[in-house]
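Spelled out from the first residue to the last, the chains are:
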Amino acid sequence: MQHRIRIALFAVPLLAFLSGGIVFAQTGADARARNLPLVEVYKNPYCGCCGGWVAHMEKAGFTVKVHEVEDLAPLRKRLGIPDEHASCHSAKVGAYALEGHVPADDVKRLLTEKPQAIGLVVPGMPAGSPGMEIPSGAAEPYASLLLKRDAPTEVYVRHENQESADKRQKSKAK
Ligand SMILES: [Cu+2]
């Protein structure tokens, strides 16, 4: 009898501890997902690589809402993205604008560091950027640029493929 009571006394706190742990782990994951603001993407209905970028962002944990628009120029103007930095799609995340194939990690860094800026742009469509996957070796170096209000654009994150990094290393050695 006493033995059974002792087991019960031990089992109850153990169960409470275990279920508490499970609940904690779940809320932790939910909190992380909740901490990432919604990404609203504006893209042309016929843009395939835009869909590739949407998939990349979703894989990184973002919730993405896609708006199909025929003409992106008026939206870019509204977001404050100059035409020289244009790419195939534009997006809004939190208080920031995104243009083009910006890697999800760069967006997360932006949201953590919260710099004074309009947002991040990857002008054009660099081969090898997220959504623009190509066989390795053909990737081109590119950068996520921090677009500022009334100030020059800054390199925020540089992305180099191994080949171009090697080339730079070699030319430095000369
Ligand atoms: Cu594209």
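The present account deals with the structure reproduced in this document. (Residues numbered from 1 in each chain as written. Predicted model: local features only at pLDDT ≥ 70, side-chain atom pairs only at ≥ 80, totals over all residues. Heavy atoms only, no water.)

Right, let's get into the coordination of the copper ion. Ligation of the copper ion by protein atoms is provided by Cys49 (SG), Cys88 (SG), His101 (NE2) and Met125 (SD), these donors lying 2.1 to 2.4 Å from the ion. Between the 4 donor atoms coordinating the copper ion, the angles at the centre fall across 91 to 125 degrees, so the site counts as tetrahedral. Its relative accessible area of 0% is what places His101 among the buried residues. (Donors = N, O, S within 2.8 Å, 3.2 Å for Na, K, Ca; no water. Tetrahedral: all angles 85-135°; square planar, octahedral: opposite > 155°, others 65-115°. Buried < 20%, exposed > 50% of the residue type's maximum accessible area, 1.4 Å probe, protein only.)

A word on the environment of Lys108. Locating Lys108 in the fold gives a position in helix H4 (residues 104-113). Its relative accessible area of 28% is what places Lys108 among the partly exposed residues. Considered as a pair, Lys108 and Phe62 are 46 residues apart in the sequence and their alpha carbons are 9.6 Å apart. Not counting the four nearest positions on each side in its chain, Lys108 is found in contact with Leu36, Ala60 and Phe62. (Helix = DSSP H or I, 4+ residues; strand = E, 2+ residues; numbered from the N terminus. Contact = heavy atoms within 4.5 Å.)

This part is about the pairing of strand S4 (residues 96-100). Counted residue by residue, S4 has 5 buried out of 5 residues, so it is predominantly covered. Across 4 bridges, strand S3 (residues 89-93) lies against S4 in antiparallel orientation. Looking at S4, one finds that Ala91 is bridged to Leu98. Connecting the antiparallel pair S3 and S4 is a turn made up of 2 residues, with Gly94 showing a positive phi of about 55 degrees. For S4 and strand S5 (residues 119-122), the ladder comprises 4 bridges, and the chain directions are parallel. Across the sheet, residue Gly100 finds its bridge partner in S5, namely Val122. In this region the chain leaves S4, passes through H4 and returns to the parallel neighbour S5; the handedness of that crossover is left-handed. (Pairing = 2+ DSSP bridges. Right-handed = clockwise from strand over helix to strand, strands pointing away.)

On inspection of all chains with the given rule, the structure shows 1 disulfide. Paired through a disulfide, Cys47 and Cys50 show a sulfur-sulfur distance of 2.1 Å. Taking the sign of the torsion about the S-S bond as the criterion, the disulfide between Cys47 and Cys50, at about 85 degrees, is right-handed. Looking at Cys50, the relative accessible area reads 0%, which means it is buried. (Disulfide = S-S within 2.5 Å.)

Val39, Met57, Phe62, Val93, Leu98 and Val107 are the most contacted members of the largest nonpolar core, which totals 23 residues. With 4 residues, the top contributor of residues to this core is H4. Val39 has contacts with Trp53, Met57, Phe62, Thr63, Val64, Lys65, Ala91, Lys92 and Val93, leaving out every residue within four places of it along the chain. (Core = buried A, V, L, I, M, F, W, Y, C linked by side-chain atoms within 4.5 Å.)

Looking now at the environment of Leu145. Its place among the elements puts Leu145 in strand S6 (residues 142-147). Along the primary structure Leu145 and Leu98 are separated by 47 residues, whereas in three dimensions their C-alpha atoms are 10.0 Å apart. Leaving out residues up to four positions away in the same chain, Leu145 has contacts with His85, Gly119, Leu120, Val121, Pro123, Thr153, Glu154, Val155 and Tyr156.

With that settled, the discussion passes to the packing of aromatic side chains. Working definition: an aromatic ring pair is given by the centre-to-centre distance plus the angle between the planes. Counted under the stated rule, the structure contains 0 aromatic pairs. Between the NZ or CZ atom of Arg109 and the centre of the ring of Tyr156, over which it lies, the distance is 4.3 Å. (Phe/Tyr/Trp six-rings, centres within 6.5 Å; stacked < 30°, edge-to-face > 60°. Lys NZ or Arg CZ within 6 Å of the ring centre and 35° of its normal.)

One turn of an α-helix holds 3.6 residues; hence residues three or four places apart share an orientation. Within the sequence span of H4, burial applies to Ala104, Asp106, Val107, Leu110 and Leu111. Taken around the axis of H4, the buried residues stretch over an arc of 160 degrees, which confines them to a single face. Facing away from the buried side of H4, by more than 90 degrees, are the exposed residues Asp105 and Thr112. Backbone geometry just after H4 places Lys114 at a positive phi near 45 degrees. (Arc of directions from axis to C-beta.)

Relative to the assigned elements, Ser90 resides in strand S3. On the accessibility criterion, Ser90 (0% relative accessible area) is buried. Side chain to side chain, Ser90 and Glu99 meet in a polar contact 2.5 Å long. Leaving out residues up to four positions away in the same chain, Ser90 has contacts with Glu40, Val41, Tyr42, Leu72, Leu75, Arg76, Leu79, Leu98 and Glu99. (Polar contact = N/O pair within 3.5 Å; in protein donor to acceptor, adjacent residues only side chain to side chain.)

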